[in-house]
Amino acid sequence: MKRILLPIGAAFVAAGLAISGTAAIAYDGTKCKAAGVCWEAKPGYPEKVAGSKYDPKHDPKELAKQQTALDGQSARNAKRAEHFKKTGKWVYDVSKL
Amino acid sequence: MMKHLGKGLLAGASGVALVVAMASASLANDKLNELSKSNENWIMPGKNYSSQNYSPNTKINTENVKQLRAAWSFSTGLLHGHEGTPLVVNGVMYVHTSFPNNTFALDLNDPGHILWQHKPKQDPAARSVACCDLVNRGLAYWPGDGKVPALIIKTQLDGHLVALNAATGEEFWKVENGDIKVGQTLTQAPYVIKDLALVGSSGAELGVRGHTTAYDVKTGAQVWRVYATGPDNEVGLADDFNSANPHYGQKGLGTGTWEGDAWKIGGGTNWGWYAYDPETNLFHYGSGNPAPWNETMRPGDNKWTMTIWGRDADTGKAKFGYQKTPHDEWDYAGVNVMILSEQTDKAGKKRKLLTHPDRNGIVYTLDRENGDLISANKLDDTVNWVKQVDLKTGLPVRDPEFGTRMDHKGKEICPSAMGYHNQGHDSYDPTKELFFMGINHICMDWEPFMLPYRAGQFFVGATLWMYPGPKGDRQNYLGLGQIKAYNAITGEYKWDKMERFSVWGGTMSTAGNLVFYGTLDGFIKARNSDTGELLWKYKLPSGVIGHPMTYEHKGTQYVAIMYGVGGWPGVGLVFDLQDPTAGLGAVGAFKNLQNYTQMGGGLQVFSLDGKNPYDDVNIGEFEKG
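The structure presented is a predicted model; accordingly, all values stated were derived computationally and were not measured.

What counts and what doesn't
Residues numbered from 1 in each chain as written. Chains lettered and ligands numbered in written order. Predicted model: local features only at pLDDT ≥ 70, side-chain atom pairs only at ≥ 80, totals over all residues. Heavy atoms only, no water. Salt bridge = Lys/Arg side-chain N within 4 Å of Asp/Glu carboxyl O. Helix = DSSP H or I, 4+ residues; strand = E, 2+ residues; numbered from the N terminus. Buried < 20%, exposed > 50% of the residue type's maximum accessible area, 1.4 Å probe, protein only. Pairing = 2+ DSSP bridges. Axes fitted to C-alpha atoms, helices over the stretch in contact; angles between N-to-C directions. Expected span 1.5 Å × (residues − 1). Contact = heavy atoms within 4.5 Å. pLDDT = per-residue confidence, 0-100. Disulfide = S-S within 2.5 Å. Buried area = accessible area lost by both parts, 1.4 Å probe. Polar contact = N/O pair within 3.5 Å; in protein donor to acceptor, adjacent residues only side chain to side chain. Nonpolar A, V, L, I, M, F, W, Y, C, P; charged D, E, K, R; others polar.

1. Details of the pattern of salt bridges
Residues and elements named next belong to chain B. For the coordinates displayed, the defined rule picks out 35 salt bridges over all chains. Here Asp195 makes a salt bridge to Lys218, at a shortest N to O gap of 3.6 Å. Highlighted residues: Asp195 in the loop between strand S11 (191-193) and strand S12 (196-199) and Lys218 in the loop between strand S13 (211-216) and strand S14 (222-227), separated in sequence by 23 residues. Classification of Asp195 by relative accessible area gives buried; the value is 10%. On the basis of relative accessibility, which here comes to 22%, the residue Lys218 falls in the partly exposed class. A salt bridge links Glu329 to Arg398; the nearest nitrogen and oxygen atoms lie 2.8 Å apart. Taken together, the residues span a long stretch of sequence, with Glu329 in the loop between strand S18 (318-323) and strand S19 (339-344) and Arg398 in strand S24 (residues 396-398) at a distance of 69 residues.

2. Brief notes about the sheet that holds strand S29 (residues 462-468) of chain B
Residue and element names in this part refer to chain B. Across the sheet, three strands lie side by side as S25-S28-S29; this open sheet has antiparallel pairing. Lying at the two open borders of the sheet, with one neighbouring strand each, are strand S25 (410-413) and S29. When the angles between neighbouring strand axes are averaged without regard to direction, this sheet yields 15°. Note that strand S28 (residues 442-448) and S29 share seven bridges and pair antiparallel. The partner of Met444 across the bridge, within S29, is Met466.

3. Side note on the sheet that holds strand S33 (residues 514-518) of chain B
Taking strand neighbours across the sheet as the criterion, the five strands line up as S1-S32-S33-S34-S35 (chain B) in an open arrangement whose pairing is mixed. Each edge of the open sheet carries a strand with a single partner, namely strand S1 (54-55) and strand S35 (534-539) of chain B.

4. Some points on helix H2 (residues 60-87) of chain A
Counted at 1.5 Å a residue, the expected span for H2(A) with its 28 residues is 40 Å, and the 41 Å between its end C-alpha atoms agrees. Close packing links the buried residues of H2(A) with strand S10 (171-176), S13 and S14 of chain B. One or two steps after H2(A), the chain reaches Gly88(A), where phi turns positive at roughly 75°.

5. As for the confidence of the model for chain B
Residue and element names in this part refer to chain B. When pLDDT is averaged along chain B, the result is 95, and 96% of the positions lie at 70 or above. In the model, residues 1-16 has pLDDT below 50 throughout and makes zero contacts with residues more than four positions away in sequence or in other chains. In the predicted assembly, ipTM is 0.93 and pTM is 0.93.

6. As for the pairing of S35(B)
All names here are of chain B. Examined bridge by bridge, strand S34 (residues 523-528) and S35 share five bridges and lie antiparallel to one another. Bridging from a neighbouring strand, Phe523 pairs with Lys539 of S35. Here S34 folds back onto S35 in antiparallel fashion, the turn holding five residues, of which Gly532 has a positive phi close to 85°.

7. Side note on the state of the cysteines
Residue and element names in this part refer to chain A. Counted according to the given criterion, the structure contains three disulfides over all chains. With its sulfur 2.1 Å from that of its partner, Cys32 forms a disulfide with Cys38. Around the S-S axis, the bridge from Cys32 to Cys38 shows a dihedral of about 95° and counts as right-handed. Cys32 gets classed as partly exposed once you look at its relative accessible area, which sits at 39%. A relative accessible area of 4% places Cys38 in the buried class.

8. So, the interface of chain B and chain A
Facing 57 residues of chain B, the contacting portion of chain A comprises 41 residues. Together chain B and chain A conceal approximately 4,000 Å² of surface at their shared face, both sides included; 56% is due to carbon and sulfur atoms. The salt bridge involving Glu295(B) is made with Lys42(A); its shortest N-O contact spans 3.6 Å. Along the contact surface separating chain B from chain A lie 24 residue pairs in polar contact (both at pLDDT 80 or more). Those elements giving two or more residues to the side of chain B that touches chain A turn out to be S10, S13, S14 and S24 of chain B. With five residues, the top contributor of residues to the side of chain B that touches chain A is S10(B). Looking at the side of chain B that touches chain A residue by residue, the classes come out as 23 nonpolar, 17 polar and 17 charged.

9. Side note on the side chain of Asn57(B)
All names here are of chain B. By the secondary structure assignment, Asn57 is in the loop between S1 and strand S2 (68-75). Classification of Asn57 as buried rests on a relative accessible area of 4%. Of note is the side chain of Asn57, whose polar atom sits 3.1 Å from the backbone nitrogen of Lys59. In contact with Asn57, other than residues within four places in its own chain, are Asn39, Thr510, Ala511, Gly512, Glu552 and Gln557.

Given below as structure tokens:
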């Protein structure tokens, strides 16, 4: 039995590898879970990277910086445009408004 | 009753005001349209709203093009790469430059006299967050309305959008549209529709989340802003978004196809060219690559990066979005030119089309009214990451052999990250129904690596080696480009020619049966647009990464082109880099460019027999006032 089981086990392992390998080769971006959702993890790579060896470990504070910058710009621009509408003069330095 | 009447009167008054405002806005459109029809003007980088870069002028043609000679020239005084092309409006030429983004107005009666110049003082730190040399792609013109003067609108690398009085060069307004501290820059030519100045964003190589913003040209006030990634209301999806093609995906995907908050640093900037159809009121452009380049770090389809958009000009809302390269693995940033045409499809139906040669090596043609995919053909038969694009699903059928991933070095991937087509502004001859496309012929090896996101720092995560494609000379690193004539309905190429280096800047075609383009090694060339036969060329002081334009002045047709090598292909040359993987892989591919050209920016103008304003030797002479 053992002699039989081992090859079967090995075959399973081999099949597993083969399935994995086949899937890697088969990944062509056309197997969609929903309209517009067609990405698949490549074999051996995680569906989610958080907690995996490929976790980019994003810092939420860093991720928030762009929007903070844009919000600040928009607020300053709004003050400048408002002043311009009232006076006809464009003043860039908001501390002078 | 009085209150009611008052309300009615107010409503009526505001209705009248709205109608007047809309009429005024339409007037601006009409003025630009009218101006663009004249052979004497080139009022936007693509000549007209269709971005065809085509002139009906026949004064210079296949019979006499050999007589083209230098007419006059203008040095911009700057050394780095000069992309784009100047504008000509009512006898004045407006010339832009690389950083620090100076602007010059030249009188075409006496171009040796600078009418005005705008030289902004920018934080030099902007240079350090520029992705790929210090380029700028050009200017926009708004024609004025009698109360507000005509304006020249420009971008600065430091993230500012600036409106100048077109008559004087004085700043009319100046708004912040980016912050270099978090990597947000601007390199794009702004775009005017009605009374709106549209502008995109740059910085995806620093993880910048892309956006498009409209400002009121008269006041500088922000009217709307839409993003490439994030919640639907921020991406700006119309209620009927993709209703004609629901298989492209519809709602919830700007966050749902990203892991966690990765969409906040997901790229999708747009720094390429826009086109607009006044009849549909839709404008079109492409959002760029997802960030970082390392695909393993960002699972998902990464919508809506790499997308061809059809958005309403008044609201920014998207009627359709077609993602060309879902989950990009190669930096095939989708920002390239959109050229509008009206052609009959294979079924015999007249359609409003949009044609877009993409970085990913596919040239797409869509119905620009609803986003239907009409054709998607390879720019060259050596494209290998994709087997084909399924026209029914719109999906690229990838060849996994050329995919990229962590712990793997992908080899012989075609095209390279530069794409088989990059930022060049191409042309379309409506009489021949041919697109003339400047092509890169470059492939690459690609090896990703992990890196953390830090706002304002480069966020790429891949090492690249680039080299000529299979049709080039790999031993000598030459044969890196092509020029091709393409029919979007049949999918056939009428002719194609190899070039020593990329045809980076694009093409301009004319009714004189000609197609003009510049080369990185510093030539401007003219070919017979029917056959591709090379008819004329001229050696410029430096390499070309911009596109030619033409204008007529006092009965003479001129051809103009900016020179000044640089841009992504020129980073090794302009920054004296040696490591072949530097410049995101460009240094290796273009290591021989330095043997053909050197830095130096300017404008060269040509005419038949070199006819020019100074043929009258008294023009421009000193006269005591």
